Amino acid sequence: DARVTQTPRDKVTEMGQEVTMRCQPILGHNTVFWYRQTMMQGLELLAYFRNRAPLDDSGMPKDRFSAEMPDATLATLKIQPSEPRDSAVYFCASGLELDRDGYGYTFGSGTRLTVV
Amino acid sequence: TQLLEQSPQFLSIQEGENLTVYCNSSSVFSSLQWYRQEPGEGPVLLVTVVTGGEVKKLKRLTFQFGDARKDSSLHITAAQPGDTGLYLCAGDRRYSTLTFGKGTMLLVSP
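Residues numbered from 1 in each chain as written. Chains lettered and ligands numbered in written order. Predicted model: local features only at pLDDT ≥ 70, side-chain atom pairs only at ≥ 80, totals over all residues. Heavy atoms only, no water.

Draft legend 1. View of the overall build of chain B. Looking only at helices and strands, chain B features 0 helices and 11 strands. Moving toward the C terminus, one meets the helices and strands of chain B in the order β-β-β-β-β-β-β-β-β-β-β. Here the C-alpha radius of gyration of chain B, 13 Å, is about what a compact globule of 110 residues would show, namely 13 Å. For chain B, the spread of C-alpha atoms along the three principal axes comes to 40 × 30 × 20 Å. For chain B, restricting intrachain contacts to residue pairs at least 6 apart in sequence, the fraction spanning at least 24 positions comes to 53%. Placing the 10 positive and 10 negative side-chain charges of chain B at their respective mean positions leaves the two points 7 Å apart. (Helix = DSSP H or I, 4+ residues; strand = E, 2+ residues; numbered from the N terminus. Rg over C-alpha atoms; globule rule 2.2 N^0.38 Å. Contact = heavy atoms within 4.5 Å. Lys, Arg positive; Asp, Glu negative; His and termini not counted. Charge placed at Lys NZ, Arg CZ, Asp CG, Glu CD.)

Okay, here's the thing in structure tokens:
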């Protein structure tokens, strides 16, 4: 089965450090999302790309977060500087444009970030 | 303000029981998706409903999209321990953007 690969699976870092999370979307998928999941807020959309172009990053704190797709096989999410409130599980998802058959999106297994 | 409200938030039942979980909104969606998430993993798509009033069945799971395309339900017949997980609904209001509810945590005990 095709999979979305996220690295690292777990990351513990100290406050103020830079964190980079990586995602390899499924080959051929043209849409990539970054979500953050916490118990309190659930899944929150941070950013999404179509054909590598950023379409919406309104859910992302611009002063410390940045998302890029340097090529079709790699999406990155960076936090600099990291803060304890950034502790969460970060998911990448990829997919094709929705149609009536409803392909939906495929999620990676997530990066669990802990900022101490 | 949560765009999608899911209820109940938590459900603990015995194997063999039936259950229904709900996903409600005041907004109209072009489609609605249901996902199941297990601990330590990402959500996995179960189904997408697109047409108002649409009913889809996936083995023991029945999904329904409201006539007005504002709400949806998931009914599980004869629940099994393998059904345990977090059930998430997600609405598509703009092309290729999803908004998730907070989910219903289902625990099915043997």
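Draft legend 2. Broad picture of the overall build of chain A. What chain A contains, in helices and strands, is 0 helices and 11 strands. The linear arrangement of helices and strands in chain A, starting from the amino end, is β-β-β-β-β-β-β-β-β-β-β. Against the 2.2 N^0.38 benchmark of 13 Å for 116 residues, chain A shows a C-alpha radius of gyration of 14 Å, consistent with a compact globule. Looking at chain A as a whole, 48% of its 116 residues are labelled buried. A sequence separation of at least 24 residues applies to 53% of the contacts in chain A between residues at least 6 apart. Of the side-chain charges in chain A, 13 are positive and 15 negative, and the distance between the mean point of each set is 2 Å. (Buried < 20%, exposed > 50% of the residue type's maximum accessible area, 1.4 Å probe, protein only.)

Draft legend 3. Focus on the environment of L74(B). Residue and element names in this part refer to chain B. Looking at the secondary structure, you find L74 in strand β8 (residues 71-76). C-alpha of L74 to C-alpha of W34: the two residues are 40 residues apart in sequence and 8.3 Å apart in space. Those residues within four positions of L74 in sequence are excluded, and the remaining contacts are L19, T20, V21, W34, L61, T62, F63 and Y87.

Draft legend 4. Main features of the packing of aromatic side chains. Scanning the model with the defined rule gives 10 aromatic pairs over all chains in all. Both rings, one in F91(A) and one in F107(A), keep their centres 6.2 Å apart while their planes meet at 80°; by these two values the pair is edge-to-face. A residue pair is termed long-range when its members are at least 10 positions apart, and F91(A) in strand β9 (residues 88-95) and F107(A) in strand β10 (residues 105-107) qualify at 16 residues. The exposure classification of F91(A) matches that of F107(A), with both residues buried. A network of ring pairs unites the aromatic residues F33(A), Y35(A), Y48(A), F91(A), Y105(A), F107(A), Y35(B) and F100(B) as a single cluster. (Phe/Tyr/Trp six-rings, centres within 6.5 Å; stacked < 30°, edge-to-face > 60°.)

Draft legend 5. Just the sheet that holds strand β1 (residues 5-7) of chain B, in detail. All names here are of chain B. An order of β1-β3-β8-β7-β6 is seen for the 5 strands of this open sheet, with the pairing classed as antiparallel. Sheet topology places β1 and β6 (55-58) at the edges, where each strand pairs with a single neighbour. Neighbour-to-neighbour, the strand axes of this sheet turn through a mean angle of 15°, independent of strand direction. Both β6 and strand β7 (residues 61-65) contribute to a ladder of 4 bridges, which runs antiparallel. In the sheet register, K57 faces β7, and the bridge partner there is T62. (Pairing = 2+ DSSP bridges. Axes fitted to C-alpha atoms, helices over the stretch in contact; angles between N-to-C directions.)

Draft legend 6. How the structure looks around unusual backbone geometry. The omega angle of the peptide bond from Q80(A) to P81(A) is -5°, so this bond is cis rather than trans. Checked against the element boundaries, P81(A) lands in the loop between β8 (74-79) and β9. In this model, S7(B) is joined to P8(B) through a cis peptide bond whose omega is -10°. Following the sequence through the fold, P8(B) ends up in the loop between β1 and β2 (10-14). Within the chain, N51(A) stands out as a residue other than glycine whose phi angle is a positive 50°. By secondary structure assignment, the location of N51(A) is in the loop between β5 (42-50) and β6 (53-56).

Draft legend 7. Seen up close, the sheet that holds β8(A). All names here are of chain A. Read from one edge of the open sheet, 4 strands run β1-β3-β8-β7, paired in antiparallel fashion. Each edge of the open sheet is held by one strand with a lone partner, namely β1 (5-7) and β7 (65-71). Neighbour-to-neighbour, the strand axes of the sheet open up by a mean angle of 20°, direction not taken into account. Direction of pairing for β7 relative to β8: antiparallel, over a ladder of 5 bridges. Bridge assignment links A67 to a residue of β8, and that residue is L77.

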